[in-house]
Amino acid sequence: MMMNTTLNQLRSLRLETMAQALEQQLQTSGITAMSFEERLALLVDREVHGRQDRRCARLLKLAKLKYPQAAIEDLDSRTRGIERSAVMSLAVGEWVTQGHAVLITGATGAGKSWLACALAQHACRRGQSAYYQRVPRLGEELRIRHANGTFTRWLETLKNTDVLLLDDWGMTAMDAQTRADLLEIIDDRANARATIITSQLPIEHWHEWIGEATIADAMLDRLMQNNHRFTLTGESMRKKTATKAKTSTAATNLEGA
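The model shown is predicted, which means the values in this text are computed figures rather than measured ones.

(A) Seen up close, the packing of aromatic side chains. As enumerated under the stated definition, the model contains three aromatic pairs in all. Plain terms: the ring middles of W169 and W206 are 5.4 Å apart, the flat faces sit at 50° to each other, and that makes the pair tilted. Here W169 is found in the loop between β3 (163-167) and α8 (176-189), whereas its partner W206 is found in helix α9 (residues 206-210), with 37 residues between them in sequence. The buried category is assigned to W169, whose relative accessible area is 0%. Take W206: its relative accessible area is 0%, and that puts it in the buried class. When the ring of W169 is compared with that of W209, the centres are 5.1 Å apart and the planes differ by 55°; the resulting orientation is tilted. Placement of W169 in the loop between β3 and α8 and of W209 in helix α9 is noted, with a sequence separation of 40 residues between them.

(B) Structural context of the pattern of salt bridges. Overall, the coordinates contain nine salt bridges when judged by the stated rule. Where E141 meets R145, a salt bridge forms, and the shortest distance between an N and an O atom there is 2.7 Å. A residue pair is termed a helical-turn pair when its members lie 3 or 4 positions apart in one helix, as E141 and R145 do in helix α6 (residues 138-148) at four residues. On the basis of relative accessible area, E141 is assigned to the partly exposed category, the value being 23%. In this structure, R143 and D175 form a salt bridge, with 3.3 Å as the shortest nitrogen-oxygen distance. One end of the pair, R143, is in helix α6; the other, D175, is in the loop between β3 and α8, and 32 residues separate them in sequence. Here the salt bridges do not stand alone but share partners, grouping R11, E16 and E23 into one network.

(C) Region of interest: helix α4 (residues 84-91). Every buried residue of α4 is listed here: V87, L90 and A91. Around the axis of α4, the buried residues are gathered within 100° of arc, so they sit on the same side. The elements touched by buried residues of α4 are β1 (101-106), α5 (112-125) and β5 (227-232).

(D) Summary view of the sheet that holds β1. Read across the open sheet, the five strands follow the order β2-β3-β4-β1-β5; overall the sheet is parallel. The open sheet has two edge strands with one neighbour each: β2 (130-134) and β5. Neighbour to neighbour, the strand axes of the sheet diverge by 15° on average, direction disregarded. Looking at chain direction, β3 and strand β4 (residues 194-199) are connected through four bridges and run parallel. Counted as the bridge partner of L164 is T195 from β4.

(E) Local environment of the nonpolar core. Residues W95, I104, L119, V163 and I196 are the most contacted members of the largest nonpolar core, which totals 32 residues. Where this core is concerned, the elements lending two or more residues are α3 (36-63), α4, β1, α5, β2, β3, β4 and β5. When residues in this core are grouped by element, the largest group, nine residues, is from α5. In this view, I196 contacts W95, V102, I104, A116, L119, A120, V163, L164, L165 and L166; residues no more than four positions away in its chain are not counted.

Conventions used here
Residues numbered from 1 in each chain as written. Predicted model: local features only at pLDDT ≥ 70, side-chain atom pairs only at ≥ 80, totals over all residues. Heavy atoms only, no water. Phe/Tyr/Trp six-rings, centres within 6.5 Å; stacked < 30°, edge-to-face > 60°. Helix = DSSP H or I, 4+ residues; strand = E, 2+ residues; numbered from the N terminus. Buried < 20%, exposed > 50% of the residue type's maximum accessible area, 1.4 Å probe, protein only. Salt bridge = Lys/Arg side-chain N within 4 Å of Asp/Glu carboxyl O. Arc of directions from axis to C-beta. Contact = heavy atoms within 4.5 Å. Pairing = 2+ DSSP bridges. Axes fitted to C-alpha atoms, helices over the stretch in contact; angles between N-to-C directions. Core = buried A, V, L, I, M, F, W, Y, C linked by side-chain atoms within 4.5 Å.

Laid out in structure tokens, this is it:
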């Protein structure tokens with residue numbers, strides 16, 4: 001009876017993981033051989049890790065990453081032309097808290113979006129918030145938010161997001177309103193929040209793509225103050241995936257022949 005009361009009290013305190021761990025202890029033979037301190041330490045450890053897992057899951061859901069399962073541990077540096085050590089050093093460093101920019105360029109299919117998502121996913125695993133936005137769709141997103149009156153609130157949300165991932169930068173032309181709004185977004189984050197940008201367009205052509213010289217100067221000045229650059233090379237990952245799929249299909253057809 002006393003233990004049932006304890007379990008109910010744990011759940012009323014929203015310590016569900018600890019309550020589940022205690023129930024498991026009660027069903028484990030030989031648990032009484034452990035000291036009170038040892039059993040308590042195990043319960044607290046389960047609760048802490050449970051909260052961390054739930055927070056990470058919540059952050060990943062809010063991030064809306066294109067590749068939510070991308071992980072830096074799976075980076076195949078041999079096919080992307082970058083040093084694995086450089087990526088790992090960045091991932092475990094303080095680039096997020098110091099508000100640095102990560103600029104990832106390379107040809108289509110080289111893995112830019114995957115690497116960017118892996119960095120953002122790792123930030124979520126460290127308890128930091130992230131948000132994914134494709135730049136070609138940014139103009140439409142902004143027009144909708146201006147029209148329904150949510151732009152200011154959204155701008156504040158982006159300002160307070162630890163990692164903003166702007167994917168496919170430079171693919172489509174921007175109108176004047178989108179250009180001005182993008183400057184506001186980047187200005188809010190300069191040296192305060194981290195920004196990841198992926199682009200097929202080499203960095204030296206970004207100024208021309210932005211279009212308006214004054215805004216381009218201001219935007220790039222903020223992005224270039226503290227940045228880390230990766231240029232991906234190698235064969236398109238999409239082409240490799242398609243080749244593997246064809247090979248697998250051919251092998252299956254031969255087996256069935």
